[in-house]
Amino acid sequence: NMSFLPGFMKDAMMGKGGQAGSGRGLGGAGGGLRELEVLLAMLAEDGGGGGGGGDGHVGTGDGENGSSGGLVGEELAKVYSEVQKHVSMAPASKAEIGMRVIDHAMHTLASAPLHAEAARAALGLLAVMVSPSDGESNHAFNHSPAGFNASLVVDEDGNVETLLGLVGADDFYVRFYALRLLTALLKVKTGVVQGKVLMAPHGIAKIMDTLDESREMLRNEGLLLLLELTHGNQEVQKVIAFESAFQRLFTIIGNEGYADGNIVVADALAVLRNLLDGNASNQLFFRETSCFEYLVPLLQVDPDELRGLSDGACTNYVLGLDLLSILVSGSSPAARANQAAAGQLGFLKLAWNLSAERVRAPSLRARALRTVGDMLAGSDEHQRAFMTLGVPAGNFSRHADPAVWKTSSLAHLITVVLNAAAYEERASAACAVISFLEGNAEGQMALASTLAPSPEELEGGANSPVGVGSVGRLLVASLLAGDAAGGGSGSGAGADAGLTHGGNLLEEVSLALGG
């Protein structure tokens, strides 16, 4: 049944094309394989000659442009599309087919002027050829067929430059599919493609320009490409940072609604993480260009809205806090400078408020507490400021007695260690307590002074409740209760875990207090 084929393909199937069924293990089997062999033979007969510099100029397709031989633009597009269908149905033959079509497709993309329809079809075919299929990890050529085909594309001089040229083409879909193909190539041949993009004149600049696109499809594909391009290559990361990446990415985040935005915000934050994580040069550039200010609206939240945060918003807050922790963690002078810059903008309080009880997601509360710990570590200024924060603004108890509320930040933190249901949250709170105490003589003395019972507790006897400010007594009471229970008679799994962790924390506190 050849009804789906255009007339020129039917002619080839009937023998007028001259080479049907002639090739290399795919032909002669009848049905779909014979049809595929005809298509491949037509491309072989058409040749792989090609055009100029791949500058992205698009022709109108009058029957002359976009063909390297006998097939004109529209016909070539249909052949590529039919081959793509066969590849999708028979992925096991992907590598063998790749050897016979990739060079032809790349010559089509390098021709000038470019035939838009043929270029779109060629890009679509190449994207399928270099993308792994299910179960394709180990195959012929000692690696996946997708990896083999990707090598055929990227190892040929000029091919990556041609694709980068198409990122700036006139035609919307040529640009879109060029971005998608480059992303697919980066996933399979990361280091090779990164190196060629870095060396290509204006290659990174062309990719970065997609972030300014008003058409969201192109901008979003540009983000996905940058996510792969910035992975693990500091030289690429530096060049991208100097292409105003931070400002452009935060502009996207703001336009999408900051933490309330969709997956685009998460993608932009993931690119920012790639640019900053472990890259001292980019972190310095981030601080010196006042980019910390861009993070403030991302992490701001109305305490009354904490309970209603969507899953997407919680994810974006976690990513934003993760970014802040990357910048302020560590003991290097750069980390201390970042920590000071973040403190001046109130990030300690922002992170503290995101740990509030009203936040439904334990993962967000835990991430916020880890960031609080990162802000406290080694900073006398932040350790003193923490004692004045009180409980997080979004806690249910925030309307309690102001005298208690303003002085109970450490007590609240230890209460989280002892009582939070989620282990991740308890562990994060414990780390924050240790960060507060280490090197903090004033805080250590304040905690040590609460280890003894208050006069009110002595007067009330054994049944007197532990006061809110008696953080040391909370730890002692927890440890003694854990010993009395023998490790197995608490009021439930969560309580047992809390008591056990309280004991571990007391050991850490003892070390922080000097023994």
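Below you will find a few notes about this structure. Worth saying up front: this structure is predicted, and the values here are computed from it rather than measured.

## Considering the overall build of the chain
- Looking only at helices and strands, the chain has 28 helices and 2 strands in total.
- Taking all 515 residues of the chain together, the buried fraction comes to 49%.
- Within the chain, contacts between residues at least 6 apart in sequence are counted, and of these 70% link residues at least 24 apart.
- Just so you have it, the chain exposes about 22000 Å², and 52% of that area is on carbon and sulfur atoms.

## Remarks on the packing of aromatic side chains
- All chains considered together, the criterion is met by 12 aromatic pairs.
- Considering the side-chain rings of F286 and F292, the 5.3 Å spacing of their centres and the 80° angle between planes classify their relative orientation as edge-to-face. There is no split in this pair, since F286 and F292 are both buried.
- An angle of 80° between the planes, with centres 5.0 Å apart, marks the rings of W352 and F386 as edge-to-face. Placement of W352 in helix α19 (residues 347-353) and of F386 in helix α21 (residues 380-386) is noted, with a sequence separation of 34 residues between them.
- On the accessibility criterion, W352 (1% relative accessible area) is buried.
- Connected via pairs of aromatic rings, a cluster forms that spans F242, F246, F250, F285, F286, F292, Y294 and F347.

## Remarks on the nonpolar core
- Among the nonpolar cores identified, the biggest contains 131 residues, and L163 and F347 are the most heavily contacted of them.
- Leaving out residues up to four positions away in the same chain, F347 has contacts with F292, L295, V296, L299, L324, A342 and M375.

## Focus on the packing of helix α4 (residues 94-110) against helix α7 (residues 159-167)
- Remark: α4 packs on α7, axes separated minimally by 10 Å, with the N-to-C direction vectors making an angle of 45°. By the angle between their axes, α4 is oblique relative to α7. Between α4 and α7 the crossing geometry is left-handed. Together, M106, L109 and A110 of α4 and N159, T162, L163 and L166 of α7 make up the contact between the two elements.

## A few points about unusual backbone geometry
- Residue P113 is bonded to the preceding A112 through a cis peptide linkage, with omega at -5°.
- Along the chain, P113 falls in the loop between α4 and β2 (114-115).
- The phi angle at S244 is positive, at roughly 60°, despite the residue not being glycine.
- On the secondary structure map, S244 appears in the loop between α12 (234-241) and α13 (245-255).

## Here's the deal with the pattern of salt bridges
- Enumeration over the complete set of coordinates arrives at 17 salt bridges.
- Across the salt bridge formed by R175 and E213, the nearest N and O atoms sit 2.8 Å from each other. Here R175 is found in helix α8 (residues 172-188), whereas its partner E213 is found in the loop between α10 (203-209) and α11 (216-229), with 38 residues between them in sequence. We note that R175, like E213, is buried.
- E235 serves as the salt-bridge partner of K238, at 3.7 Å between the closest nitrogen and oxygen. A residue pair is termed a helical-turn pair when its members lie 3 or 4 positions apart in one helix, as K238 and E235 do in helix α12 at 3 residues.
- Relative accessible area serves as the criterion here: at 26%, K238 is assigned to the partly exposed category.
- A single network of salt bridges, built from pairs that share partners, joins R273, D277, D322, R367 and D374.

## Section: the packing of helix α3 (residues 73-89) against α4
- Relative orientation of the contacting elements α3 and α4 amounts to 155°, with a least axis distance of 12 Å. By the angle between their directions, the pair α3 and α4 is classed as roughly antiparallel. Both α3 and α4 take part in a crossing whose hand is left-handed. Listed contacts from α4 to L76, Y80, V83 and V87 of α3 are K94, I97, V101, H104, A105 and T108.
- Here the residues of the contact of α3 with α4 sort into 7 nonpolar, 2 polar and 1 charged.

## Some remarks on the side chain of N282
- Summarising the element assignment, N282 is placed in helix α15 (residues 280-288).
- Sequence-distant contacts of N282, that is, excluding residues within four places in its chain, are made with Q237, K238, A241, F246, L275 and L276.

## A word on helix α14 (residues 263-276)
- The end-to-end C-alpha distance of α14 is 20 Å, a good match for the 20 Å that 14 residues give at a rise of 1.5 Å each.
- Of all 14 residues in α14, 11 are buried, a share of seventy percent or more.
- Looking at α14, one finds that the buried residues are V264, V265, A266, D267, A268, L269, V271, L272, N274, L275 and L276.
- Check the buried side of α14 and you find it contacts α11, α12, α13, α15, α16 (292-299) and α17 (311-328).
- In this structure N262 caps α14, since a side-chain oxygen of it lies 2.9 Å from the backbone nitrogen of V264.
- At the exit of α14 stands G278, carrying a positive phi of roughly 75°.

## Comments concerning a negative patch on the surface
- A grouping of D103, D155, E156, D157 and E161 is seen on the molecular surface, where their side chains present a negatively charged patch.
- Here D103 lies in helix α4.
- Given the relative accessible area of 45%, D103 is considered partly exposed.

## A short note on a nonpolar patch on the surface
- Taken together, L198, M199 and V239 make up a surface patch of nonpolar side chains, about 270 Å² in accessible area.
- Relative to the assigned elements, L198 resides in helix α9 (residues 190-199).

## Here's the deal with α17
- Between the first and last C-alpha of α17 there are 26 Å, a value that for 18 residues agrees with the 26 Å anticipated at 1.5 Å per step.
- Immediately downstream of α17, the backbone of G330 shows phi near 105°, a positive value.

Conventions used here
- Residues numbered from 1 in each chain as written.
- Predicted model: local features only at pLDDT ≥ 70, side-chain atom pairs only at ≥ 80, totals over all residues.
- Heavy atoms only, no water.
- Helix = DSSP H or I, 4+ residues; strand = E, 2+ residues; numbered from the N terminus.
- Buried < 20%, exposed > 50% of the residue type's maximum accessible area, 1.4 Å probe, protein only.
- Contact = heavy atoms within 4.5 Å.
- Areas by Shrake-Rupley, 256 points an atom, 1.4 Å probe, with all protein chains shown as cover.
- Phe/Tyr/Trp six-rings, centres within 6.5 Å; stacked < 30°, edge-to-face > 60°.
- Core = buried A, V, L, I, M, F, W, Y, C linked by side-chain atoms within 4.5 Å.
- Axes fitted to C-alpha atoms, helices over the stretch in contact; angles between N-to-C directions.
- Parallel < 35°, antiparallel > 145°, perpendicular 65-115°, else oblique.
- Left-handed = near helix turned anticlockwise from the far one by under 90°.
- Salt bridge = Lys/Arg side-chain N within 4 Å of Asp/Glu carboxyl O.
- Nonpolar A, V, L, I, M, F, W, Y, C, P; charged D, E, K, R; others polar.
- Expected span 1.5 Å × (residues − 1).
- Polar contact = N/O pair within 3.5 Å; in protein donor to acceptor, adjacent residues only side chain to side chain.
- Patch = residues over 30% accessible without salt bridge, like charges linked within 9 Å, V, L, I, M, F, W, Y side chains within 5 Å.
- Lys, Arg positive; Asp, Glu negative; His and termini not counted.
- Charge placed at Lys NZ, Arg CZ, Asp CG, Glu CD.

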